[in-house]
Amino acid sequence: MKNLIPLLLSTAALVACEPSTGTSSENESGTEKGAAFQSTYSPQAPTNVLLRNATLIDGVSSEIQTGDLLVSDGKIGFVGSGEIPEGVTELDLDGRFVTPGIIDIHSHLGNYPSPSVQAHSDGNEVTSPITSEVYAEHGVWPQDPGFDEALQGGVTTLHVLPGSANLFGGRGVTLRNVPSRTVQGMKFPGAPYTLKMACGENPKRVYGNKGGPGSRMGNVAGYRKNWIKAQGYKAKRDKGGDYDRDLQLETLADVLDGKILIQMHCYRADEMVQILDLAKEFDYKVTTFHHAVEAYKIGDYLAENDTCAAMWADWGAFKMESFDYINENIPFVHAAGACAMIHSDDQNNIQRLNQEVAKTWADGNRAGLDIPKADAWKWLSTNPAKALGILEETGTLEAGKRADIVIWDGDPFSTYGRPATVMVDGVVLFDRETGLKPKSDFRLGYADLTEGPK
Amino acid sequence: MKKLLLISAALAFSSSANAQTIFVDDATVVAPNGAQSKADVIVVDGVIQRRGARLAAPDGADVVTGGWVTPGLFASMSSLGMSDIGSSGPGNDVSSESSETNVSEYAVDSFNPRSVHIANVRQNGITHAVIAPRSGSNSIFAGTGAIISLSGGFDSVLDPEAFVMVDLGETGTRRAGGSRAAAMSQFRSAIEDAEGFARRYSEAPDGGDVLTRQDAKAFTRAVRGEIPLLIRVNRAADMMRLIDIKKDNPSMSMIFVGAAEAWEVADDIAAADIRVIIDPLKNLPDSFESAGSRLDNVIFLENAGVDYAISNLGALGVTKPATLAQHAGAAVVEGLSWGQAFDAISSIPSQWFKVRGRSVVVWDGDPLEVTSAPIAMSIDGTPQSMTSRQKALRDRYNPSTTDERPYKYR
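Just so it is clear, the model here is predicted, and its values are computed rather than measured. (Residues numbered from 1 in each chain as written. Chains lettered and ligands numbered in written order. Predicted model: local features only at pLDDT ≥ 70, side-chain atom pairs only at ≥ 80, totals over all residues.)

## Brief notes about the overall build of chain A
The number of helices and strands found in chain A is 12 helices and 16 strands. Over its C-alpha atoms chain A spans a radius of gyration of 22 Å, differing by no more than 12% from the 22 Å that the globule rule assigns to 454 residues. Counting only C-alpha atoms, chain A reaches 65 × 55 × 45 Å along its principal axes. Buried residues in chain A amount to 56% of all 454 residues. Of all intrachain contacts in chain A linking residues separated by at least 6 positions in sequence, the fraction that spans at least 24 positions is 70%. (Helix = DSSP H or I, 4+ residues; strand = E, 2+ residues; numbered from the N terminus. Rg over C-alpha atoms; globule rule 2.2 N^0.38 Å. Buried ≥ 20, exposed ≤ 12 C-beta atoms within 10 Å, placed from the backbone. Contact = placed C-beta atoms within 7 Å.)

## Comments concerning the overall build of chain B
Regarding its fold elements, chain B presents 14 helices and 16 strands. Compactness check: chain B gives a C-alpha radius of gyration of 23 Å against a globular reference of 22 Å for 410 residues, within 12% of the reference. Within chain B, buried positions represent 53% of all 410 residues.

## Considering the nonpolar core
Ranked by size, the top nonpolar core spans 125 residues in total, and within it A:Leu69, A:Ala292, A:Ala309 and A:Val333 carry the most contacts. If we skip the residues at most four places from it in the chain, A:Leu69 touches A:Leu51, A:Ala54, A:Leu56, A:Ile76, A:Val79, A:Val98 and A:Leu397. B:Ile131, B:Ile148, B:Ile269 and B:Ile278 belong to the second-largest nonpolar core, a separate cluster that totals 114 residues. (Core = buried A, V, L, I, M, F, W, Y, C linked by C-beta atoms within 7 Å.)

## Overview of the packing of helix α5 (residues 180–195) of chain B against helix α7 (residues 213–223) of chain B
All names here are of chain B. Following both chains from N to C, one finds α5 and α7 inclined at 95 degrees, their axes separated by 8 Å at the closest point. The angle between α5 and α7 places the two elements in the roughly perpendicular class. Residues Ala190, Ile191, Asp193, Ala194 and Glu195 of α5 touch α7, and the partners they reach there are Ala216, Phe219, Thr220 and Val223. Split into classes, the residues belonging to the contact of α5 with α7 amount to 6 nonpolar, 1 polar and 2 charged. (Axes fitted to C-alpha atoms, helices over the stretch in contact; angles between N-to-C directions. Parallel < 35°, antiparallel > 145°, perpendicular 65-115°, else oblique. Nonpolar A, V, L, I, M, F, W, Y, C, P; charged D, E, K, R; others polar.)

## Observations concerning the sheet that holds strand β7 (residues 155–160) of chain A
Residue and element names in this part refer to chain A. Read across the open sheet, the 8 strands follow the order β6-β7-β8-β9-β10-β11-β12-β13; overall the sheet is mixed. Of all the strands in the sheet, the pair left with one neighbour each is β6 (102–107) and β13 (340–342). Each strand axis lies, on average, 25 degrees off the axis of its neighbour in the sheet, ignoring direction. In this structure, strand β12 (residues 308–311) lies alongside β13, joined through 3 bridges in parallel fashion. (Pairing = 2+ DSSP bridges.)

## As for α7(B)
All names here are of chain B. Three or more residues of α7 are buried, namely Asp215, Ala216, Ala218, Phe219, Ala222 and Val223. Along the axis of α7, the buried positions cluster into a sector of 165 degrees, meaning they face one direction only. In this structure, the buried side of α7 is in contact with β8 (141–149), β9 (157–167), α5, α6 (197–200) and β10 (229–233). Glycine 225 occupies a position one or two residues after α7 and carries a positive phi of about 85 degrees. (Arc of directions from axis to C-beta.)

## Comments concerning unusual backbone geometry
The omega torsion of the bond from A:Ser114 to A:Pro115 falls at -5 degrees, within 30 degrees of zero and hence cis. Each neighbour pair has its own omega, and for A:Gly212 with A:Pro213 the value is 10 degrees, a cis peptide bond. The residue B:Asp380 is not glycine, and still its phi comes out positive at about 50 degrees. Mapped onto the fold, B:Asp380 is located in the loop between β15 (374–379) and β16 (382–383).

## With respect to the interface of chain A and chain B
Across the contact, 43 residues belong to chain A and 41 residues belong to chain B. Contributing elements (two or more residues each) for the side of chain A that touches chain B: α2 (145–152), α8 (329–335), α9 (353–366) and α12 (446–450) of chain A. Considering every element that reaches the side of chain A that touches chain B, the biggest residue donor is α9(A), with 5 residues. Of the residues that constitute the side of chain A that touches chain B, the class distribution is 21 nonpolar, 12 polar and 10 charged.

## A short note on helix α5 (residues 247–256) of chain A
Residue and element names in this part refer to chain A. Among the residues of α5, Leu249, Thr251, Leu252, Ala253 and Val255 are the ones counted as buried. Buried-residue contacts for α5 involve β8 (168–176), β9 (194–198), α4 (216–239) and β10 (261–266). Within two residues after α5, glycine 258 carries a phi angle of roughly 80 degrees, on the positive side.

## A look at the packing of helix α4 (residues 169–176) of chain B against α5(B)
Residues and elements named next belong to chain B. Between α4 and α5, the least distance of the axes is 8 Å, while the angle of their chain directions is 80 degrees. The orientation of α4 with respect to α5, classified from their angle, is roughly perpendicular. Judged by residue contacts, Gly172, Thr173 and Ala176 of α4 engage Arg180, Ala182, Ala183 and Gln186 from α5. Among the residues forming the contact of α4 with α5, the class breakdown is 3 nonpolar, 3 polar and 1 charged.

## Notes on the confidence of the model for chain A
Averaged over every residue, the pLDDT of chain A is 92; the share at 70 or more is 91%. Counting interchain partners and residues more than four positions distant, the pLDDT-below-50 stretch residues 1–33 of chain A has 52 contacts. (pLDDT = per-residue confidence, 0-100.)

## Points about the domain arrangement of chain B
All names here are of chain B. According to the domain assignment, chain B consists of domain 1 (2–69 + 386–409) and domain 2 (72–357). Taken together, the contacts link 10 residues of domain 1 with 8 residues of domain 2. Looking at the side of domain 1 that touches domain 2 element by element, the count peaks at 3 residues for helix α14 (residues 389–396). (Domains from an automatic or database assignment.)

This is the structure:
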């Protein structure tokens, strides 16, 4: 890193600008009046910087380009070339890769934090198969050291979901990966809520001896019974006037109103197609299948229904419904014309999602596909942004979007390439060269030890 | 005529899978000691036929540029062939939750060389592996582990009695009844049971303090240092206690597995002549005993002169070794040389576990790169199939296929 000046400036800005406490009148969360737990996130003072001579993967084009990128007031000013404001600091990247910040659509950081003691197990309300009334954010511990490590892996936005024990698991929350004392200070302003649902082995295993469901038949019956209830609730709510508020049905009715996006844990190909039929019966949309280990068998159905799949590169065989895993799942779904993406579901792999994509991309091309790197990048940011309803704001390098940016010290499609600098909303939150990085309260004391000399 | 055409297409496919000659033009050749050199290499069915400075490509050979030719990788921790799926049940023999025995449980008895996961994992260039049980019931002793080759043959067990596996730390604590003191008491007592085997068990089969007769007997070789003890341990303080036990029993050979906080006591580990298997990607404080985890743990070990191997301990269960090379690559990013990292997943554990013979892997690029893959392999001169259940599924559902038959007929 030749020119350190802008990065050091941003460090100073970090110190100078404490996060807003949430009393701000210009809260941009866009949630309904009276809604609880609103986002209090507002970006710290951003860096204005012109990144010169970058190798740009923008998440839109199928080609890697070279050029400049302007970061201005927390937004992307231009990509490639454009009007340069007077006096802006310039940083010559000497051809280094610049990409959008990575978005992980399936994380349990905060609700299954490190250290993983029983007292920290807040990600799954395993008390009933129907818990659409719970919110993942109420189980998120902002001091999970995993957030800090994920940031160093280039993750600027992540979606935290409840676990998969239940048919209706609860609401997921989209977070900015920013240092904060509260989860409200991390919530992505205006991002839609999601509803976690689960197929297959988990619900029937967990509830088989606790009143059911005890089979895949029971799973589907459980979904249908509750969608019928939700239709009734919605009809009452639509009519206006007095009605008893029911948190469980409120979430489901919001799905039927199109306000909440369905994120559904589902492994088997045949089961995913059953769920697409279920969604037609009750007139809602499945936004994304998660894990989707057999999605490669039904890429055509996914494309036809405009349903995304969030997948691993090479995980499987840990249970029967993941037995048919292949390393080419993501590129095969992509080649079928469906919306494919990587996800981690893991505190370790979230730190290296670029490598996970590199593996599956290379395997897909080895199997006879011809997917350009720049298209494969979309599995890391563009498609997860789409599936979370935040593509208007982030996920690509386009003028006017949030400046969520990773500068790499090598090729992101390599074992040896790592993020050098990570910006969220134009604020440098991680910089390898200067040692700038967030440190969880939990790391203190331990962290002092772990930073000793070799 | 349509049917006939399909049959001939299938025949063409199967014959191309046989007698594969590869000309690796200007290959990077890696010696068993990790040293790199350049040569043209002719490989027939995964076996090196010729290497030289300027060879001509044989007629009909597949020409590979940018290829690498290396020894096979050695996975120094796995449970390959011991389970079909990770979730518990009849397909999973990795641990026995309610058995009466422990050290005398041999991983090799649970090992199925025909497990589909062996061929799946072999596609990652891995030719040999440690297979180890996990502790169950109320003993810190998981059992006795083996060394296998990944040929998938019934002769693939190279050493059925290669080491004794011990779980200490938080897992061992739970097994032993709830405290580290209980786990260490069990460990020390078991050593005494095995050392005094002839005396203690001569009159009564239950003459030992903690081990039954068959387990004490199975433990004697490890106590005499004829085979190593592999000990899962992460906290620096736990490792220091084990170093003390090693001082009292200098003939014992110990290998720490995990060793998240080894960097803190690297000099003591080196001085005690204890070897270490670590995961260079372990950096989260995901338990209190690994609160000191850091990515450059391996660099401390290297600088202190510790004899170490690299494993991908943090990867998922059944097919764990698959991502071994990726984890070794992480150590290069932290500052190991390429050769040091490669040795730690090949020659070093091979020597530890006395695996001789020559395995060859031809790669389409740097084996530590996530985008590289093997294109041919052999183990001790025997060609290895480059197909697997995963690849069969891949081929059946490949969107670039021209095969239009219904899926179940492909």
